[in-house]
Amino acid sequence: MTDSRTLHGVNGLLICVLLILFNGTSVDTSEGGVGGDIDDCLNNNCSGNGNCSDRVNGFYCYCNDGYYGITCDIEAGPCSPNPCENNGTCFQDENNLVYCNCTSEFEGERCESEKPPKIFTVTLTIIDRIFVDDYKDLTKSLTLGLIEDLNSIFKPFLEQNFDGFSTIVFTGFFQGSVGAIFDVIFAATSEINATSIVKAFSRANGTNQLRFVLLGTIKAVNKLHTSTGATDSLVTESSSELEPWIIALIVFLIIFAILLVVIVILVVSLVMDNFLPLQTL
């Protein structure tokens, strides 16, 4: 027996399945029936700003010029859709010029370029180490051992004192006890400058923060890239500082020299005072 009927709702669907299984019933799947596809454009006119095209269980809007969005409900403009990449914020000034305000990690006219990391070249002398010729070659085993030792001292110190610290790359050693040159790399968003690096090393000099390593002169150079249209210009920022004990030694020597000059003047004066009466006799 074949029973043709139109069923609606969940209960109708269950009855439909049972009729098919047990009675061989055919079910009306025409528009509005169970399983029938309806014209989704009947209730969607694309906000009046486009033409609707029906799809199976859906629709697609072909938007008119000047509109976009799933239902063409968004009016296009200089900042809509957003021309700024990487979560940049678009804004338009009173002259209808469009600008992008980039996040701290990106730069460029449309925030399309990731900012390069900040790299500081640090030069310092380690006065409680003895320089050997092998240190001139970065591939020598003695040099690699020195690099490993200094990394174990400097890396934890920099991680503790500076946000955004990434790594250290040693580029050379020179005589003067042991002079070291290395690049310290930070994230582009790090709030860091050459002076703060020098001061941090100076404060920690000879303390357990640097495993009691004694440093001499410390210098840091920062290579900053500043965008100027299509080209980049290189700006160099540097800072150096003498250690407090060196400054104290210099002051002591100056005072000693002044006292020595005063003593010499007094001695000469006494000699002259004694010499002149003898001449008169």
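Residues numbered from 1 in each chain as written. Predicted model: local features only at pLDDT ≥ 70, side-chain atom pairs only at ≥ 80, totals over all residues. Heavy atoms only, no water.

Caption draft 1: Structural context of the state of the cysteines. Scanning the entire structure with this criterion turns up six disulfides. Residue Cys41 pairs covalently with Cys52 via a disulfide, S to S 2.0 Å. Sign of the S-S torsion, about -80 degrees for the bond between Cys41 and Cys52, identifies this disulfide as left-handed. Of this pair, Cys41 sits in the loop between α1 (9-23) and β1 (50-55) while Cys52 sits in strand β1, and the two are eleven residues apart along the sequence. Residue classification places Cys41 among the buried positions, given a relative accessible area of 17%. Sequence-ordered numbering of the disulfide-bonded cysteines in the protein chain gives the connectivity 1-3, 2-4, 5-6, 7-9, 8-10, 11-12. (Disulfide = S-S within 2.5 Å. Helix = DSSP H or I, 4+ residues; strand = E, 2+ residues; numbered from the N terminus. Buried < 20%, exposed > 50% of the residue type's maximum accessible area, 1.4 Å probe, protein only.)

Caption draft 2: Main features of the packing of helix α2 (residues 141-161) against helix α3 (residues 194-204). Interaxial distance between α2 and α3 falls to 12 Å at its minimum, and their mutual angle equals 115 degrees. Taken as a pair, α2 and α3 cross one another with a handedness that is right-handed. Contacts from Phe154, Phe157 and Leu158 in α2 reach Ala200, Phe201 and Ala204 in α3. Residues belonging to the contact of α2 with α3 are distributed by class as follows: six nonpolar, no polar and no charged. (Axes fitted to C-alpha atoms, helices over the stretch in contact; angles between N-to-C directions. Left-handed = near helix turned anticlockwise from the far one by under 90°. Contact = heavy atoms within 4.5 Å. Nonpolar A, V, L, I, M, F, W, Y, C, P; charged D, E, K, R; others polar.)

Caption draft 3: A look at the pattern of salt bridges. Under the definition given, this model contains four salt bridges. A salt bridge links Asp149 to Arg129; the shortest N-O distance between them is 2.9 Å. Within this pair, whereas Asp149 is found in helix α2, its partner Arg129 is found in the loop between β9 (118-126) and α2, the two being separated by 20 residues in sequence. Take Asp149: its relative accessible area is 22%, and that puts it in the partly exposed class. Taking relative accessible area as the criterion, Arg129 reaches 23% and is therefore assigned partly exposed. Taking the shortest distance from any N to any O, the salt bridge between Arg211 and Asp149 comes out at 2.8 Å. Residue Arg211 is found in the loop between α3 and β12 (215-228), and its partner Asp149 is found in helix α2; the two are separated by 62 residues along the sequence. Overall, Arg211 belongs to the partly exposed group, its relative accessible area being 47%. Several salt bridges converge on common partners, so that one network encompasses Arg129, Asp149 and Arg211. (Salt bridge = Lys/Arg side-chain N within 4 Å of Asp/Glu carboxyl O.)

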